[in-house]
Each structure stands twice: as structure tokens, then as C-alpha cells.
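Here is what each chain is made of, one letter per residue.
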Amino acid sequence: MTRPFIMVAPNGARRGKADHPALPVTIPETVETARACRAAGADALHLHIRDDDGAHSLDPGRYGEALAELSRAVPDMRVQVTTESAGIFDVPQQLDCLTRLKPRWASVSVREIARDPALAPRVYATCADNGTEVQHILYDPEDAALLARWQAAGIVRPGQESMILVLGRYATGQKATPDDLAPLLAAKPDGRWMLCAFGPAEHACLLAAARQGGDLRVGFENNLHRADGTPLRDNAESVALLVDQLKGTME
């Protein structure tokens, strides 16, 4: 088994310093986290930005600033922006971010875009026209079925097949287990896929995905703890632990 592609998601839309003092909130903190995680073995970074109050933001200007700083600091690390609504942004605002920013890579939740189905064709056409690689966020088999329908209808464009499967986001206590993978894996359309998992079984879920040929997303957006429940020191430690575990799996 070859080592899977590893993305780090260092903060997410909802957590802050009260959750963990090493969680990056500002752009400089995110850049330093990116450097440390790249050194630990991460191939890419899933980027969230915050406003002046530390709240989730989709501001294209802030995104542009963060992307420029990351490009200088870690030029060999791929960066993916999020369009996550986090209960704040509607589909027109998500589309506006994609239109103005023209990112190289973006994650897009099919269930969020389905809140305004009339705009769905424009979302995916905008990404295609701007050369934005799309990674569809799928939380359950119903999301996977919706993506398959949109692909069949031509709403999702050819070449937009990449997915990230999310375990535990809507589970009790947001705690995933490796057993949660099989139903979503069976339901997903064909295409390259990645996994992320909420809760202290995060790494166990990721190792299960690696054995199935998936890419992996790890980090404080999804989990702050080691498997024994003790807090991780920072995102880089989580990446390094995963890399070490993968070496054991590949031997």
C-alpha cells in the first residue's frame, strides 16, 4: 500500500482558543501551523479564515491574503479553501466567494448547495469556468445519492468527481467509529475520495480508509484528542502520529 495523500484541517469554522490554545485562528497562526504540519508530513491544508472577531468568514479579500502568505511560506503545500456555510452564509454568498476568489481548489457541501437548487448549476459551472477543483462534502448516503443525481443531470460538471466522506458530524457527541465508513463508502459515486472523522477514534477511522484506498484529512477541525482521550499538543503532532501509524500499516 502506498502512503495516502494527507490533508490537515487545523481549525474549522466553530472551534477557538477556548477549545484548544494551539488551535490557529489568525492568518499568521495558520501559516505557522501549515509550516509545522508540512514538516510533519501533511501534503495539503484545508483553509478556514476568520473575521476580526474570530468568527467564520468567506471574505475573498481575507482568503486572498491567507493564500498569498501560505504560498510564500509553504510553496509545495496544496491549499483548499472551504465554502462551508456554518449556519451563517447562504448559497448566493457561497457562490459569490467562489466567483470573486477563483480558488484553485474548494470544498463544497452538496447538502448546503441543495438549499438553493436553482443556483446549483451556477455553482458548479463557475468552478469549471474558473478552473477550481471541487471536492464534494458528503455526510451520509443521502448526500451521496444527491451527488449521483446531479452528476447524471449534468449539474455537476465532468471532472468534478472528487469527494470527502465525513464521519460523525451528525452522530451523538460527534464521535465516529471505523464501522461508520462502510455505508457511506458503498453509497458514494465513482471518483477519488478522502475521509475525515470526528472524535477520538479519528485516526482509527483514517487508517480504515487508507486500507480501502482513500486519502485522509486529519486535524483539529475534527478532533483534539489522542485515542486515549488525552489532548494532542497541536495539529502537527496529530499529523505526525498519523504518518507513523500509516508506516506500520504499510509494512
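Look above for the structure.
Reading guide: rules and limits
Residues numbered from 1 in each chain as written. Predicted model: local features only at pLDDT ≥ 70, side-chain atom pairs only at ≥ 80, totals over all residues. Heavy atoms only, no water. Axes fitted to C-alpha atoms, helices over the stretch in contact; angles between N-to-C directions. Helix = DSSP H or I, 4+ residues; strand = E, 2+ residues; numbered from the N terminus. Parallel < 35°, antiparallel > 145°, perpendicular 65-115°, else oblique. Contact = heavy atoms within 4.5 Å. Nonpolar A, V, L, I, M, F, W, Y, C, P; charged D, E, K, R; others polar. Buried < 20%, exposed > 50% of the residue type's maximum accessible area, 1.4 Å probe, protein only. 1 Å grid on protein atoms, 1.4 Å probe; cavity = no way out; pocket = protein on both sides within 12 Å on 5 of 7 lines; lining within 4 Å. Points joined across faces, edges and corners; volume = space filled by probe spheres on them. Pairing = 2+ DSSP bridges. Core = buried A, V, L, I, M, F, W, Y, C linked by side-chain atoms within 4.5 Å.

> Help me understand the packing of helix 3 (residues 91–101) against helix 5 (residues 120–130) in this model?
Each packed pair of helices is defined by two parameters, the angle between the axes and the distance between the axes. In the contact formed by helix 3 and helix 5, the axes pass within 10 Å of each other and the chain directions differ by 5°. By the criterion of interaxial angle, the relationship of helix 3 to helix 5 is roughly parallel. Here Val91, Leu95, Leu98 and Thr99 of helix 3 come into contact with helix 5, specifically with Arg122, Val123, Thr126, Cys127 and Asn130. Here the residues of the contact of helix 3 with helix 5 sort into five nonpolar, three polar and one charged.

> Even after reading the chapter, I still don't get helix 5, so can you show me in this structure?
Residues lying three or four places apart along an α-helix face the same way, a consequence of the helix completing one turn every 3.6 residues. Among the residues of helix 5, those classed as buried are Ala120, Val123, Tyr124, Ala125, Thr126 and Cys127. On its buried side, helix 5 packs onto helix 3, strand 6 (105–109), helix 4 (110–113), strand 7 (133–138) and helix 6 (141–153). Within two residues after helix 5, glycine 131 carries a phi angle of roughly 75°, on the positive side.

> Would you mind showing me how to read the environment of leucine 207 here?
Tracing the chain through its elements places leucine 207 in helix 8 (residues 202–211). Relative accessible area serves as the criterion here: at 14%, leucine 207 is assigned to the buried category. Between the C-alpha atom of leucine 207 and that of leucine 195, which follows or precedes it by 12 residues, the distance is 9.8 Å. Those residues in contact with leucine 207 that sit more than four places away from it in its chain are Leu242, Gln245, Leu246 and Thr249.

> Can you help me understand the layout of surface pockets in this one?
Vacant regions in the atomic arrangement are exposed by a probe of water-molecule size rolled over the atoms. There is about 340 Å³ of room inside the largest pocket. For the lining of the largest pocket, the secondary structure elements donating two or more residues are helix 2 (60–73) and strand 5 (78–82). Looking at side-chain class alone, the lining of the largest pocket contains 10 nonpolar, one polar and three charged residues. Put simply, the second largest pocket is a space of about 250 Å³. Together, 20 residues line the second largest pocket, and Arg14, Glu84, Arg169, Phe198 and Glu221 are the ones closest to its centre.

> Is there a simple way to explain the sheet that holds strand 6 in this structure?
Pairing between the strands of a sheet is mediated by backbone hydrogen bonds and can be parallel or antiparallel. What the eight strands build is a closed barrel, ordered 1-2-5-6-7-8-9-10; its pairing is parallel. Shown here is a sheet whose adjacent strand axes are inclined to one another by a mean of 25°, direction ignored. By the bridge criterion, three bridges tie strand 1 (residues 6–8) to strand 10 (residues 215–218) in an arrangement that is parallel. By the bridge assignment for strand 10, methionine 7 is matched with arginine 217. Relative to the sheet, helix 8 contacts strand 8 (163–167), strand 9 (193–197) and strand 10, its axis offset from that of strand 10 by approximately 165°.

> How should I be thinking about the nonpolar core in this particular structure?
If you look at soluble globular proteins, the nonpolar side chains tend to sit buried side by side. In this structure, Leu47, Leu165, Leu181 and Leu195 are the most contacted members of the largest nonpolar core, which totals 63 residues. No other element matches the six residues that helix 8 contributes to this core. In this structure, leucine 195 is in contact with Ile164, Leu165, Leu167, Leu181, Cys205, Leu206, Ala209, Asp215, Leu216 and Arg217, ignoring residues within four places of it in sequence. Core analysis: the second largest hydrophobic core is formed by 10 residues, Met7, Trp105, Ile164 and Met194 among them.

So, to be careful, I would describe these as geometric facts and stop short of saying anything about function.
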